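# Structural overview
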Amino acid sequence: MKIITIIISLLAFVLIAFNFTKVDFNAPFEGESITALITILCGLCAIFLMLILRISKRIEEKVKQRR
């Protein structure tokens, strides 16, 4: 599970970096720039969800060790 979350996080980071190059900062809410901004936001959400999943798995392991 840890490897999968790392791979998904890395893929999301690559998507963020790629789409950051597609944003036209002179008109960020027009044309392809809005699509790039939405994809960047989705990538950030994916990274955040993977962090939550990894933290919850760590908590689950610690709870199991206490029993």
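Report follows, based on the coordinates.

## Quick look at a nonpolar patch on the surface
Residues Ile3, Ile7 and Leu11 make up a contiguous nonpolar surface patch of roughly 320 Å² in combined accessible area. You can see isoleucine 3 is positioned in helix 1 (residues 2-22). Taking relative accessible area as the criterion, isoleucine 3 reaches 63% and is therefore assigned exposed.

## Some points on the pattern of salt bridges
Applying the stated criterion across every chain yields a total of 2 salt bridges. Glutamate 60 is paired through a salt bridge with lysine 57; the nearest N and O atoms lie 3.7 Å apart. Taken as a pair, glutamate 60 and lysine 57 lie in helix 2 (residues 32-66) at a separation of 3 residues, close to a single helical turn. On the accessibility criterion, glutamate 60 (35% relative accessible area) is partly exposed. Among the salt bridges present, the one from glutamate 60 reaches lysine 64, with a minimum N-O distance of 3.7 Å. Residue glutamate 60 and its partner lysine 64 are located together in helix 2, separated by 4 residues, close to a single helical turn. Judged by its relative accessible area of 57%, lysine 64 is exposed.

Calculation notes
- Residues numbered from 1 in each chain as written.
- Predicted model: local features only at pLDDT ≥ 70, side-chain atom pairs only at ≥ 80, totals over all residues.
- Heavy atoms only, no water.
- Patch = residues over 30% accessible without salt bridge, like charges linked within 9 Å, V, L, I, M, F, W, Y side chains within 5 Å.
- Areas by Shrake-Rupley, 256 points an atom, 1.4 Å probe, with all protein chains shown as cover.
- Salt bridge = Lys/Arg side-chain N within 4 Å of Asp/Glu carboxyl O.
- Helix = DSSP H or I, 4+ residues; strand = E, 2+ residues; numbered from the N terminus.
- Buried < 20%, exposed > 50% of the residue type's maximum accessible area, 1.4 Å probe, protein only.

None of the figures reported here should be taken as evidence of function without further support.
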